Amino acid sequence: MAGYKKYNLPGLSNPVFLPDWLQVEIKIIPSSVPGWTSGQRWTGQTKITFHDTGNGQSSATGEYNWAASGGRASIGSPGSYNGIVDGVRFIVTQRFDEYVGHAGTDRGNRDGYAIEMAYGAHGYEAALKAACAVHGAIIAAKGWNVDTALVPHQYWSGKWCPAQVLNRGQWSRVVRMVSEAAAASRAAAA
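All of the points below concern the structure found in this document. (Residues numbered from 1 in each chain as written. Predicted model: local features only at pLDDT ≥ 70, side-chain atom pairs only at ≥ 80, totals over all residues. Heavy atoms only, no water.)

**Side note on the nonpolar core**
Generally speaking, soluble globular proteins have nonpolar side chains that are buried together. Residues Leu18, Phe50, Phe90, Met117, Leu128, Leu150 and Val174 are the most contacted members of the largest nonpolar core, which totals 40 residues. Secondary structure elements with two or more residues in this core: strand S2 (16-19), strand S4 (47-52), strand S6 (89-92), strand S7 (112-117), helix H4 (124-142), helix H5 (146-149) and helix H8 (171-189). In terms of residue count, the dominant contributor to this core is H4 (12 residues). In this view, Leu128 contacts Phe50, Met117, Val165, Gln170, Arg173, Val174 and Met177; residues no more than four positions away in its chain are not counted. In terms of nonpolar packing, the next biggest core, distinct from the first, is built from 12 residues, Val33, Tyr64, Ile91 and Val100 among them. (Core = buried A, V, L, I, M, F, W, Y, C linked by side-chain atoms within 4.5 Å. Buried < 20%, exposed > 50% of the residue type's maximum accessible area, 1.4 Å probe, protein only. Helix = DSSP H or I, 4+ residues; strand = E, 2+ residues; numbered from the N terminus. Contact = heavy atoms within 4.5 Å.)

Encoded structure:
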C-alpha cells in the first residue's frame, strides 16, 4: 500500500492526505495575471468539479506556465481553477477560499472547487489515477460525500467536459475511483 503525505493547502481548514508518489507544489497565480480570475474571497463551496484540459500534449507544469503567463487571456477565455494535476504532479494554482471562474455559470463558480486533469504528459490512465486521488483527498478533508460533492464540468453548463472521461463513458468509473481515494485519504488521516 502506498504511503500518504499530509498537506495544508491554502484556503482549506483541514489538511489533505495524498499518496506519496504524487508531487505537490503550491504556486498561486496572482489575480493580476491577464485572464486569471482569482482574488475574490469565497467560502460557500459544496462541490468539486472534475475538468480536463482537452489538450493531448498537456502536463501540469505546461498548463501552469501557460496560465501564469496570461494564456487564458490570449484565447479570450478568462477563468481559473484551484489546481492542475497530471500523472505525477499536482499544482495548486488558486486558494480554496476564493471564487473560481471555471464552470461557465456563476452558480458553478461559487459552489464548486475546480481541478483540471492534464493527460498528455504521462498518459490518460496515470493522469486519471492522480486526478481521482486529488478529488478524493479534498472531498475527505471537507467531510463531503462523493455522491453529492463530485460533479463533471458538464453538470454546471452542459459543456462536454471532462471530455476524455465522457468520450470513454467512464464517469461511473471516476466516481468509484474518487470514492476509493477518499476512503484511503480518510484512513491516512486517522
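**Notes on the pairing of S4**
Buried residues dominate S4, accounting for six of its six residues. On S4, burial covers both faces: Lys47, Thr49 and His51 on one face and Ile48, Phe50 and Asp52 on the other are all buried. The pairing of S4 with S7 spans six bridges and is classified as parallel. By the bridge assignment for S7, His51 is matched with Glu116. Pairing of S4 with strand S8 (residues 150-152), which is carried by three bridges, proceeds in the parallel orientation. Residue pairing for S8: Thr49 is matched across the bridge by Val151. (Pairing = 2+ DSSP bridges.)

**Observations regarding the sheet that holds strand S5 (residues 83-85)**
Within the open sheet, the six strands sit side by side as S3-S6-S5-S7-S4-S8. Their pairing is mixed. Edge positions in the sheet fall to strand S3 (23-26) and S8, since each of these pairs with one other strand and no more. Sheet twist, expressed as the mean angle between neighbouring strand axes with direction ignored, is 25 degrees. The sheet strands contacting H4 are S4, S5, S6, S7 and S8, and the helix crosses S7 at an angle near 160 degrees. (Axes fitted to C-alpha atoms, helices over the stretch in contact; angles between N-to-C directions.)

**What to know about the environment of Trp156**
Counting through the fold element by element, Trp156 comes out in helix H6 (residues 154-157). Residues Trp156 and Asn8, 148 residues apart in the sequence, show an inter-C-alpha distance of 28 Å. Among all residues touching Trp156, those that are not within four sequence positions of it are Lys47, Thr49, His102, Ala103, Thr105, Arg107, Gly108, Asp111, Gly112 and Val151. Looking at Trp156, its side chain comes within polar contact range of the side chain of Thr49, at 2.9 Å. (Polar contact = N/O pair within 3.5 Å; in protein donor to acceptor, adjacent residues only side chain to side chain.)

**As for the side chain of Ser58**
Residue position: Ser58 is located in the loop between S4 and helix H1 (60-68). Overall, the relative accessible area of 3% leaves Ser58 in the buried class. A distance of 2.8 Å separates a polar atom in the side chain of Ser58 from the backbone oxygen of Asn55. Once residues within four sequence positions are removed from consideration, Ser58 is found in contact with Thr53, Glu63, Ala118, Tyr119, Gly120 and Ala121.

**Structural notes on the state of the cysteines**
Under the defined criterion, the tally for this structure stands at zero disulfides. Unpaired in this structure, Cys132 has its nearest cysteine sulfur neighbour in Cys161, at a distance of 14 Å. In this structure Cys161 comes out as buried when scored by relative accessible area, which is 4%. (Disulfide = S-S within 2.5 Å.)

Just distances and angles here, no functional claims.
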